[in-house]
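# Remarks on the overall topology
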Amino acid sequence: MGDNLAGKTRDEKREERLRNWLRGEGIKFRSVRARQAYQERATRLMKALLLQKPDRVPVMLPIGNFPAYYAGGNLKRAMYDYRFLREAWTKFMEDFKDDMDAFHGPGLVHSGTVLEILNYRLYKWPGHGLGENVNSYQFVEGEYMKADEYPALLKDPSDFALRVLLPRVVGSLEPLRHLPAFSSLLGMPMRLVAPFTRTEVRSAFKALIDAGKEMAIWQKYVFGFNRDSLAAGFPVLRGAMAVAPFDTIGDSLRGTQGVIIDMYRQPETLLEAIDMITKLTIEQTISAVRDSGGLVVSFPLHKGDDTFMSDKQFEKFYWPSLKKVIDALIDEGIMVFLFAEGKYNRRLEYIKDFPKGWVSWQFDQTDMANAKKIVGQTCCIWGNVPTSVMCTGTPQEVKEYCRRLIETCAPGGGYILTGGASATESNAANFRAMMAAAREYGRYQ
């Protein structure tokens, strides 16, 4: 699609992306009815995203890993038994085909075997650091980049990632620290061979090959389900996923404690690194969307909420870089979806200033009345049925909560009903109650 969009305005680029998405370009629908259902659902979602009035409020069920349990298994089984993974998500799709407007495949259910082959240190998962029946991952935050290593990161981020970061976060790749800097190969390429005299270096590359072979098997089942889901008439807001520049440092490099210290002890160096990562994020994300032929870039926001940093720090360290990335994506005709984890009540005035209908915000614990009033004039808003209500409430309580949200957020369009976060431990009746609320209370005249 990239060549077809060259020379066009951002609105023309988005229009073409939307047109291809609405038509279901390239999808082999399993029936005429599936094609019609796809176009009805896609149109409903599109109008909400563009702050128009669809026929009713769209619903995105916050299922998390629920399909694995609904099919009689658990997350651990889904991570290691790919046939079960596909069958579980297929069962859920077929049983809930009338109770949701979109359905994402199990792409975030990682292969446990791949993670084991790599000795991946950024996650704990069921049976590997967590109990057998735990229903989610646990991110293992750490100081994977030291406070005095900013100069190395800024000098050559690719080299730093390959020879410093990867050996620390991927256990099987520890021997990569023995590789030469690739810049040293200019004029002397045979230098690359010397590290491979080490058994451990050869083993590291074998681990990558083995992980790649295993991931190819995993992809066969996951991508196969994704095709089936589209063929059944469920649109996916596909494109790419990205991370806010500050979160890249605060999550995977310095860790929470480290990045907080840096804001006080070396703020200018931190800002320089954020600026570099901002440029890389823009380039890499635009390229990913072009390759996928997608429509939307999604951002899970981890450290921008009210409780993590002050407004002054948000203005200085977090928002300018993220805003720059979003603006660059919009200029390319790419729509943006952001999951505002935590509370964004003090952030609403900052995050509203975008052209109408280009940006969507899913809110977790934010006051939705204020979100509608302040942000909802320019951005589509999603949310925020609490996970606690979804998991412990009755279907009637879920339906009543959804009714109040619809009455608050739906007027004028631009609202999608979903959870504040995923609700793996909920139940079928509560998920169906969300759609029942949308059908009963969410219709536009």
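Remember, predicted model here, so these are calculated numbers, not experimental data.

### Some points on the pairing of strand β1 (residues 123-126)
Where β1 lies against strand β3 (residues 138-139), 2 bridges are found, and the strand directions are antiparallel. Bridge pairing in β3 places Lys 124 opposite Gln 138. Sheet topology places β1 next to strand β2 (residues 129-130); 2 bridges connect them, and they run parallel. Bridge pairing in β2 places Pro 126 opposite Leu 130.

### Let's talk about the sheet that holds β2
One open sheet accounts for 3 strands, arranged β2-β1-β3; its pairing is mixed. Two strands lie at the open edges of the sheet, namely β2 and β3, each paired on one side alone.

### Observations regarding the packing of aromatic side chains
All chains considered together, the criterion is met by 26 aromatic pairs. Taking the centre distance of 5.4 Å and the plane angle of 10 degrees together, the rings of Tyr 123 and Tyr 137 count as stacked. Taken together, the residues span a long stretch of sequence, with Tyr 123 in strand β1 and Tyr 137 in the loop between β2 and β3 at a distance of 14 residues. The exposure class of Tyr 123 is partly exposed, given its relative accessible area of 23%. Centroid distance Phe 196 to Phe 205: 5.0 Å. Interplanar angle 50 degrees. Geometry classified as tilted. One aromatic cluster is present, formed by Phe 246, Phe 308, Phe 314, Tyr 318, Trp 319, Tyr 344, Tyr 350, Phe 354, Trp 361 and Phe 363 through successive ring pairs. Sitting over the face of the ring of Trp 358, Arg 14 holds its NZ or CZ atom 3.9 Å from the ring centroid. Positioned above the aromatic ring of Phe 84 is the side chain of Arg 77, whose terminal nitrogen or guanidinium carbon lies 4.0 Å from the ring centre.

### Some details on the pairing of strand β6 (residues 335-340)
In terms of burial, β6 is largely enclosed, as 6 of its 6 residues are buried. Side chains Met 335, Phe 337 and Phe 339 of β6 all project onto a buried face; the interleaved residues Val 336, Leu 338 and Ala 340 project onto the opposite face, where all are buried too. In this structure, strand β5 (residues 296-301) lies alongside β6, joined through 6 bridges in parallel fashion. Directly across from Leu 301, in β6, lies its bridge partner Ala 340. The parallel pair β5 and β6, bridged by helix α14 (residues 311-331), forms a crossover whose chirality is right-handed. Direction of pairing for β6 relative to strand β7 (residues 359-363): parallel, over a ladder of 5 bridges.

### Concerning unusual backbone geometry
Most of the time, phi is negative for any residue but glycine, and the peptide bond is trans. The step from Gly 383 to Asn 384 runs through a cis peptide bond, and the omega angle for that step is -25 degrees. Examined against the element boundaries, Asn 384 turns out to sit in strand β8 (residues 380-385). Located in the positive-phi region is Leu 51, a residue other than glycine, with phi close to 65 degrees. Counting through the fold element by element, Leu 51 comes out in the loop between α3 (32-49) and α4 (66-70). Residue classification places Leu 51 among the buried positions, given a relative accessible area of 10%.

### Looking at the state of the cysteines
Considering all chains together, one arrives at 0 disulfides under this definition. The cysteine Cys 391 is free of any disulfide, with Cys 402 supplying the nearest cysteine sulfur at 13 Å. Judged by its relative accessible area of 24%, Cys 391 is partly exposed.

### A few points about the pattern of salt bridges
Under the definition given, this model contains 37 salt bridges. Between Asp 99 and Arg 439 there is a salt bridge; the shortest N-O distance is 3.8 Å. Of the two residues, Asp 99 sits in the loop between α6 (82-95) and α7 (112-118) while Arg 439 sits in helix α18 (residues 428-441), which places them 340 residues apart along the sequence. With a relative accessible area of 11%, Asp 99 lands in the buried category. Several salt bridges converge on common partners, so that one network encompasses Arg 44, Asp 55, Arg 56 and Asp 101.

Cut-offs used in this document
- Residues numbered from 1 in each chain as written.
- Predicted model: local features only at pLDDT ≥ 70, side-chain atom pairs only at ≥ 80, totals over all residues.
- Heavy atoms only, no water.
- Pairing = 2+ DSSP bridges.
- Helix = DSSP H or I, 4+ residues; strand = E, 2+ residues; numbered from the N terminus.
- Phe/Tyr/Trp six-rings, centres within 6.5 Å; stacked < 30°, edge-to-face > 60°.
- Buried < 20%, exposed > 50% of the residue type's maximum accessible area, 1.4 Å probe, protein only.
- Lys NZ or Arg CZ within 6 Å of the ring centre and 35° of its normal.
- Right-handed = clockwise from strand over helix to strand, strands pointing away.
- Disulfide = S-S within 2.5 Å.
- Salt bridge = Lys/Arg side-chain N within 4 Å of Asp/Glu carboxyl O.

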